[in-house]
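Analysis of the macromolecular model
The primary structure of each chain is shown beneath.
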Amino acid sequence: QVRLVESGGGLVQPGGSLKLSCAASRSTFNIDSMAWYRHGPGKERELVARVSSRGDTEYAGSVKGRFTISRDNAKNTVDLQMNSLKAEDTAVYYCNAKGPPWDGRFLFDSWGQGTQVTVSS
């Protein structure tokens, strides 16, 4: 497993911005993909954004154009820049790291403890 530590959560006004950061305990070269998930009140956990070791990215339709995920292998970090935040973005955000796929599964699947993002005026 990989230890993941998130930072950057907090309270922000609608239309504002926040940057979430996730630091991994091992080099990101050993991680196949890194992602941000979120779990809002009364909602299912959902994938927000993901970036592969090759730099491929994908986003949830609800955040596309507003959020940007980036990966820095030299610093072993993955960031999520969130702009034009809305009240519906309020959730606990979790960092995730997956190892290479193997026989239908991943060699590891690690999660951070989560960081609260609250969008309110």
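Placed above this text is the structure.
Right, let's walk through the structure included here. Because the structure is a prediction, the values reported are computed rather than measured.

Counting secondary structure elements, the protein chain contains zero helices and 13 strands. Each helix (α) and strand (β) of the protein chain, taken in turn from the N terminus, gives the series β-β-β-β-β-β-β-β-β-β-β-β-β. Taken over the C-alpha trace, the protein chain has a radius of gyration of 14 Å; the compact-globule value for 121 residues is 14 Å, and the two agree within 12%. C-alpha extents for the protein chain along the principal axes are approximately 45 × 30 × 25 Å. Sorting the 121 residues of the protein chain into buried and exposed places 42% on the buried side. Sequence separation of at least 24 residues holds for 55% of the intrachain contacts in the protein chain that already meet a minimum separation of 6. A total accessible area of about 6,600 Å² is found for the protein chain, and carbon and sulfur atoms account for 46% of it. Each charge sign in the protein chain was given a centre, from 15 positive and 12 negative side chains, and these centres are 2 Å apart.

Glancing now at the nonpolar core. Membership of the largest hydrophobic core comes to 28 residues, with the highest contact counts inside it found for Met34, Trp36, Leu80, Met82 and Tyr93. Contributions of two or more residues to this core are made by strand S3 (18–24), strand S4 (33–39), strand S5 (46–52), strand S7 (67–72), strand S8 (77–82), strand S9 (91–98) and strand S13 (115–119). Setting aside its immediate chain neighbours within four residues, methionine 82 contacts Gly16, Ser17, Leu18, Leu20, Arg66, Phe67, Tyr93 and Val117.

Take the pairing of S13 next. Of the two faces of S13, the one holding Thr115, Val117 and Val119 is buried and the one holding Gln116 and Thr118 is not buried anywhere. By the bridge criterion, three bridges tie strand S2 (residues 10–12) to S13 in an arrangement that is parallel. Among the inter-strand pairings, valine 12 is bridged to a residue of S13, identified as valine 119. Pairing of S9 with S13 involves three bridges; the strand directions are antiparallel. Paired with alanine 91 across the two strands is valine 117, which belongs to S13.

At serine 84, a position not held by glycine, the phi torsion is positive, near 50 degrees. Notably, aspartate 103 is not glycine yet its phi reads approximately 55 degrees, a positive angle. Here aspartate 103 is to be found in the loop between strand S10 (101–102) and strand S11 (105–106).

Attention shifts here to the sheet that holds strand S1 (residues 4–7). Here four strands make up an open sheet; going across it, the order is S1-S3-S8-S7 and the pairing antiparallel. Strands with a single pairing partner mark the edges of an open sheet, and in this sheet they are S1 and S7. Mean inter-strand twist for the sheet, computed between neighbouring axes without regard to direction, equals 15 degrees. Alignment of S7 against S8, held across six bridges, turns out to be antiparallel. Following the sheet pairing, aspartate 72 is matched in S8 by threonine 77.

Each value, and the rule that gives it
Residues numbered from 1 in each chain as written. Predicted model: local features only at pLDDT ≥ 70, side-chain atom pairs only at ≥ 80, totals over all residues. Heavy atoms only, no water. Helix = DSSP H or I, 4+ residues; strand = E, 2+ residues; numbered from the N terminus. Rg over C-alpha atoms; globule rule 2.2 N^0.38 Å. Buried < 20%, exposed > 50% of the residue type's maximum accessible area, 1.4 Å probe, protein only. Contact = heavy atoms within 4.5 Å. Areas by Shrake-Rupley, 256 points an atom, 1.4 Å probe, with all protein chains shown as cover. Lys, Arg positive; Asp, Glu negative; His and termini not counted. Charge placed at Lys NZ, Arg CZ, Asp CG, Glu CD. Core = buried A, V, L, I, M, F, W, Y, C linked by side-chain atoms within 4.5 Å. Pairing = 2+ DSSP bridges. Axes fitted to C-alpha atoms, helices over the stretch in contact; angles between N-to-C directions.

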